[in-house]
Amino acid sequence: MTQHDRLLIIDFGSQVTQLIARRLRELNVYCEIHPFNRVDEKFLASFAPRAVIFSGGPASVYAEGAPMPPKGVFDLGVPILGICYGQQVMMHCLGGKVEGGHGTAEFGRAFVTPTAERLPLLDGWFAEGDEQVWMSHGDHVSRIAPGFSVFGTSPNAPFAVTADPARRFFAVQFHPEVHHTPHGAKLYENFVRLAGFKGDWTMGAYRDEAIARIRDQVGGQKVICGLSGGVDSSVAAVLIHEAIGDQLTCVFVDHGLLRQGEAEQVVTMFRDTYNIPLIHADESDLFLSALEGVSDPEVKRKTIGKLFIDVFQKHATAVGGAKFLAQGTLYPDVIESVSFSGGPSVTIKSHHNVGGLPEKMGLKLVEPLRELFKDEVRALGRELGLPEPFIRRHPFPGPGLAIRCPGEITREKLAILRQADAVYIDQIRKHGLYDDIWQAFAAILPMKTVGVMGDGRTYDYALALRAVTSVDGMTADYYPFTHNFLGETATRIINEVRGVNRVFYDCTSKPPGTIELE
């Protein structure tokens with residue numbers, strides 16, 4: 001755990017809790033998200049937060065079994081900010097009252113009017129009149145808790161902003177973390193200033209701390225690193241190599257699900273540029289045989305995760321008994337793989353390097369990026385001197401093309417997909433759009449359609465193109481290509497890739513979709 005001042009985000013199930021963390025990380029404040037049911041008095045004492053934020057959530061505080069924070073959180077003597085459900089749970093726990101119905105629900109854009117009394121949390125707000133915010137609540141606070149005052153109101157939320165300044169308890173009914181609250185970032189900036197954070201969470205400091213932690217964890221033992229060639233695993237490999245040198249051996253697993261020419265590119269780059277010992281493990285037959293006939297995306301991920309570990313264990317023995325496996329696991333991987341409620345039903349998806357790990361894998365994990373979001377990994381890569389074009393590479397999932405091939409995987413479909421994806425990315429680069437896009441890829445759909453080429457009838461696969469903009473992959477919007485670009489790209493793919501006769505463009509945001517098409 002980092003030695004920086006820490007801010008604790010207690011998650012009550014909001015779909016946008018991760019955005020709170022991003023806002024804080026942008027302010028160079030270290031924070032962690034933990035589900036409410038994993039935060040007890042012992043955890044609070046160990047974590048020792050300098051401040052706490054209660055997230056929003058879908059529950060009603062007056063319902064039986066409603067999510068609640070530990071009682072001791074209000075006795076820590078640190079600032080607390082409650083957001084939406086977080087405001088309601090504060091009022092409920094501290095002597096106020098929350099009710100449902102009565103026509104006071106608000107969903108979407110609203111405007112907050114300040115009261116006469118100034119609140120430092122809102123410094124920089126209301127310079128041009130009422131402040132636009134984003135509301136999403138059915139229940140409402142009907143009576144504020146003792147010690148609290150009202151500092152902002154909206155048409156359907158008379159207690160839109162409440163606070164007990166003496167105890168540094170603040171509560172808002174709206175969501176300052178979303179971009180629909182234009183000055184929400186300023187509110188968070190004010191909150192961390194009031195909490196006394198120094199803003200010292202930087203990648204330069206993190207690099208030094210991570211190297212020290214790696215050396216302390218590993219000692220003189222050997223480590224193998226699962227290298228995919230993506231930014232995450234590559235940054236992890238270079239960081240670990242800086243820490244322990246030749247104790248590290250990278251294992252690049254070619255699982256037969258890579259993009260066109262990717263294996264050659266990765267092997268050449270690491271052997272020629274970084275001089276890190278590298279094993280190129282061609283295990284494509286092993287993976288593709290195990291995936292034959294599998295169509296369920298979760299089964300695919302878990303199958304691939306298990307096989308990765310099998311391969312790593314084999315090579316750990318080959319390099320002289322490595323005791324540790326290093327991975328490029330990121331914080332969003334961990335968040336998406338952990339159920340908010342503790343049950344399996346709401347897990348978004350299992351990441352091959354999180355949910356796919358068997359309990360007894362025979363190797364201990366080294367995950368130096370586990371606390372970082374994607375943009376922070378890129379910043380760390382720059383600190384480590386990785387080439388800028390490489391740092392800006394689009395993310396590529398560990399399971400590879402397996403999750404861009406919905407339905408059953410076949411070698412024929414993978415060959416078509418590789419060619420089509422290469423044409424698509426070439427088009428994006430040719431038009432100078434690559435750096436404007438967070439991630440772009442083609443996916444082959446589990447359907448064939450009738451087409452006409454020349455004077456003949458075709459019955460070939462349909463292809464979906466996906467391109468999104470994002471900051472960290474937790475939320476995303478589709479990239480607004482022009483119709484000319486899409487038409488030109490579809491024509492190239494159909495003309496150059498045998499087996500495709502129809503092309504779609506996916507314009508779904510995340511949420512409700514995920515970035516990958518699986």
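Heads up: the structure comes first, above all this text.
Residues numbered from 1 in each chain as written. Predicted model: local features only at pLDDT ≥ 70, side-chain atom pairs only at ≥ 80, totals over all residues. Heavy atoms only, no water.

(A) Structural detail: helix H6 (residues 231-244). Between its first and last C-alpha atoms H6 spans 20 Å; for 14 residues at 1.5 Å apiece the expected length is 20 Å, and the two agree. In terms of residue burial, H6 counts as a mostly covered element, since 12 of its 14 residues are buried. When we look at burial in H6, the residues that qualify are Val231, Asp232, Ser233, Ser234, Val235, Ala236, Ala237, Val238, Leu239, Ile240, Ala243 and Ile244. Gly245 sits one or two positions beyond H6 and adopts a positive phi of about 60°. (Helix = DSSP H or I, 4+ residues; strand = E, 2+ residues; numbered from the N terminus. Expected span 1.5 Å × (residues − 1). Buried < 20%, exposed > 50% of the residue type's maximum accessible area, 1.4 Å probe, protein only.)

(B) Quick peek at unusual backbone geometry. Within the chain, Asn28 stands out as a residue other than glycine whose phi angle is a positive 60°. As for its position among the elements, Asn28 is in the loop between helix H1 (17-26) and strand S2 (30-35). One non-glycine residue, Cys84, lies in the positive phi region at around 55°. In this structure, Cys84 sits in the loop between strand S4 (80-83) and helix H3 (85-94). Given the relative accessible area of 4%, Cys84 is considered buried.

(C) Structural detail: the packing of H1 against helix H4 (residues 184-195). Packing of H1 against H4 leaves a shortest axis separation of 10 Å and a crossing angle of 65°. Comparing the axis directions of H1 and H4 gives the class roughly perpendicular. Crossing hand, H1 versus H4: right-handed. In this structure, H1 uses Ile20, Arg23 and Leu24 to contact H4, whose residues at the interface are Ala185, Tyr188 and Val192. In terms of residue class, the contact of H1 with H4 is made up of 5 nonpolar, no polar and 1 charged. (Axes fitted to C-alpha atoms, helices over the stretch in contact; angles between N-to-C directions. Parallel < 35°, antiparallel > 145°, perpendicular 65-115°, else oblique. Left-handed = near helix turned anticlockwise from the far one by under 90°. Contact = heavy atoms within 4.5 Å. Nonpolar A, V, L, I, M, F, W, Y, C, P; charged D, E, K, R; others polar.)

(D) Here's a closer look at the packing of aromatic side chains. Inspection of the entire model under this criterion finds 18 aromatic pairs. Relative to Phe54, the ring of Phe12 lies with its centre 5.8 Å away and its plane at 85°, an arrangement referred to as edge-to-face. Here the residue Phe12 occupies a position in the loop between strand S1 (6-11) and H1, and Phe54 occupies one in strand S3 (residues 51-54), the gap between them amounting to 42 residues. Its relative accessible area of 0% is what places Phe54 among the buried residues. Here a set of aromatic residues connected by ring pairs shows up, and it is made of Phe12, Phe36, Phe54, Phe74, Tyr85 and Phe169. Sitting over the ring of Phe373, Arg22 keeps its end group 4.8 Å from the ring centre. If you follow Arg378 out to its NZ or CZ, it ends over the ring of Trp438, 5.6 Å from the centre. (Phe/Tyr/Trp six-rings, centres within 6.5 Å; stacked < 30°, edge-to-face > 60°. Lys NZ or Arg CZ within 6 Å of the ring centre and 35° of its normal.)

(E) View of the environment of Leu372. Tracing the backbone through its elements, the reader meets Leu372 in the loop between strand S16 (364-366) and helix H11 (374-383). Judged by its relative accessible area of 0%, Leu372 is buried. For Leu372 and Thr329, which are 43 residues apart along the polypeptide, the C-alpha to C-alpha distance reads 8.8 Å. For Leu372, the residues in contact, after removing those within four places along its chain, are Arg25, Trp201, Met203, Tyr206, Leu330, Tyr331, Pro332, Val377 and Leu380.

(F) Layout of the packing of helix H13 (residues 411-430) against helix H14 (residues 483-496). At their nearest, the axes of H13 and H14 sit 10 Å apart, and the two run at 145° to each other. The handedness of the crossing between H13 and H14 is right-handed. Across the interface between the two elements, Gln419, Ala420, Val423, Tyr424, Asp426, Gln427, Ile428 and Lys430 of H13 pack against Phe485, Glu488, Thr489, Arg492, Ile493 and Glu496 of H14. Here the contact of H13 with H14 is composed, by residue class, of 6 nonpolar, 3 polar and 5 charged.

(G) Broad picture of the pattern of salt bridges. Enumeration according to the criterion identifies 26 salt bridges in this entry. Here Glu189 and Lys186 are joined by a salt bridge, their closest N and O atoms 3.7 Å apart. Separated by 3 residues within a single helix, Glu189 and Lys186 lie in helix H4, roughly one turn from each other. Overall, Lys186 belongs to the partly exposed group, its relative accessible area being 31%. Each of Arg382, Glu388, Arg392 and Asp435 takes part in a single network of salt bridges with overlapping partners. (Salt bridge = Lys/Arg side-chain N within 4 Å of Asp/Glu carboxyl O.)

(H) Geometry of the nonpolar core. Membership of the largest hydrophobic core comes to 93 residues, with the highest contact counts inside it found for Ile224, Phe312, Leu369, Leu380, Ile428, Leu463 and Phe481. Tallying contributions element by element places H6 first for this core, with 9 residues. With near-sequence residues (within four places) excluded, Leu369 lies in contact with Tyr206, Asp232, Val235, Ala236, Leu239, Gly328, Thr329, Leu330, Tyr331, Val377 and Leu380. Membership of the second largest hydrophobic core comes to 38 residues, among which are Val29, Trp125, Ala160 and Phe373. (Core = buried A, V, L, I, M, F, W, Y, C linked by side-chain atoms within 4.5 Å.)

(I) Spotlight on the sheet that holds strand S14 (residues 278-282). The parallel open sheet is built from 5 strands, whose spatial order is S14-S13-S12-S15-S16. Two strands close off the open sheet at either side, each with one partner strand: S14 and S16. Averaged over neighbouring strand pairs, the angle between their axes works out to 30° when direction is ignored. Bridge count between strand S12 (residues 223-227) and strand S15 (residues 324-326): 3 bridges; the pairing is parallel. Considered in S15, the bridge of Val223 is made with Phe324. Sheet strands touched by H6: S12, strand S13 (248-254), S15 and S16. Its angle to S12, the strand with the most contacts, is close to 160°. (Pairing = 2+ DSSP bridges.)

(J) Fine view of the side chain of Ser234. Note that Ser234 resides in helix H6. Residue Ser234 is classed as buried on the basis of its relative accessible area of 0%. What Ser234 contacts, discounting residues up to four positions off in sequence, is Leu227, Gly229, Phe270 and Phe390.

(K) Spatial organisation of the pairing of strand S9 (residues 149-154). With 4 bridges joining them, S9 and strand S10 (residues 157-164) adopt antiparallel strand pairing. Each residue of the ladder has a partner; that of Ser149, found in S10, is Ala163. The antiparallel pairing of S9 with S10 creates a hairpin that spans 2 residues between the two strands.

(L) Examining the pairing of S13 more closely. In terms of burial, S13 is largely enclosed, as 7 of its 7 residues are buried. The side-chain alternation of S13 yields two buried faces, one formed by Leu248, Cys250, Phe252 and Asp254 and the other by Thr249, Val251 and Val253. Where S12 meets S13, 5 bridges bridge the pair, whose relative direction is parallel. Within the sheet, the bridge partner assigned to Leu227 lies in S13 and is Phe252. In this fold, S12 hands off to H6, which returns the chain to S13; that crossover is right-handed. Each parallel crossover has a hand, and the one from S13 via helix H7 (residues 262-274) to S14 is right-handed. (Right-handed = clockwise from strand over helix to strand, strands pointing away.)

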